[in-house]
Amino acid sequence: MDVQQALILDALAIVGAFFGIRGLRTLIYGLRRINDDEGPVLMIRGGRGVLVAVGCAVIAGALIWDNRPMLYFGIAFLAEELYETTMALGVVSWDYRQRNPGKVPPTGPPGQET
């Protein structure tokens, strides 16, 4: 393993850990508020974070084991899940704005909004 590959793996680990922890916290908070208007928005945002962490882990594993099909799968998985969650989030955010005029959909639990 060369230095460039080690830096890429470190970056993937940091990005995966950040999105995984933040996504899991947001997902759990959304599950607790599932009956509120904010619950579905938070669940989709949290799920997206967890899926990004899984995609980063798959790509890092492919680089460690030098497995090209796994690398292609990780990239395709990450792209497809980001597309799907973006479309679902658009629909749920639109519904949130229809039910709560003038309010912006939440981005995370209190104290964690961006």
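Keep in mind that what you see is a predicted model, and the values were worked out from it rather than measured.

Tallying secondary structure elements over the protein chain gives 3 helices and 0 strands in all. Reading the protein chain from its N terminus to its C terminus gives the helix and strand order α-α-α. Each of the three principal axes of the protein chain carries a C-alpha extent, and together these read 55 × 25 × 20 Å. Classification of the 114 residues of the protein chain by burial places 36% in the buried group. Sequence separation of at least 24 residues holds for 62% of the intrachain contacts in the protein chain that already meet a minimum separation of 6.

Grouped together as the largest cluster of nonpolar side chains are 9 residues: Leu9, Leu12, Val52, Cys56, Ile59, Ala60, Ala62, Leu71 and Leu78. Where this core is concerned, the elements lending two or more residues are helix H1 (3-32), helix H2 (39-64) and helix H3 (68-99). Broken down by element, the residue count for this core peaks at 5 residues, all from H2. Those residues within four positions of Leu12 in sequence are excluded, and the remaining contacts are Cys56, Ile59, Ala60 and Leu63.

To continue, consider the side chain of Thr85. Turning to its location among the elements, Thr85 is positioned in helix H3. Overall, Thr85 belongs to the buried group, its relative accessible area being 10%. Those residues in contact with Thr85 that lie beyond four places of it in its chain are Ile44, Arg48 and Leu51.

The subject of this paragraph is H3. The terminal C-alpha atoms of H3 lie 46 Å apart, and with 32 residues this matches the ideal 46 Å at 1.5 Å per residue to within 8%. Structurally, H3 contributes buried residues whose contacts are with H2.

Attention now goes to the pattern of salt bridges. Per the stated rule, a full pass over the model turns up 4 salt bridges. Salt-bridge contacts for Arg33 lead to Glu38; the nearest nitrogen and oxygen are separated by 3.2 Å. Each of Arg33, Asp36 and Glu38 takes part in one network of salt bridges that share partners.

A cluster of nonpolar side chains, contributed by Met1, Ile64 and Trp65, occupies part of the molecular surface with about 430 Å² of accessible area. Relative to the assigned elements, Trp65 resides in the loop between H2 and H3.

Scoring rules and cut-offs
Residues numbered from 1 in each chain as written. Predicted model: local features only at pLDDT ≥ 70, side-chain atom pairs only at ≥ 80, totals over all residues. Heavy atoms only, no water. Helix = DSSP H or I, 4+ residues; strand = E, 2+ residues; numbered from the N terminus. Buried < 20%, exposed > 50% of the residue type's maximum accessible area, 1.4 Å probe, protein only. Contact = heavy atoms within 4.5 Å. Core = buried A, V, L, I, M, F, W, Y, C linked by side-chain atoms within 4.5 Å. Expected span 1.5 Å × (residues − 1). Salt bridge = Lys/Arg side-chain N within 4 Å of Asp/Glu carboxyl O. Patch = residues over 30% accessible without salt bridge, like charges linked within 9 Å, V, L, I, M, F, W, Y side chains within 5 Å. Areas by Shrake-Rupley, 256 points an atom, 1.4 Å probe, with all protein chains shown as cover.

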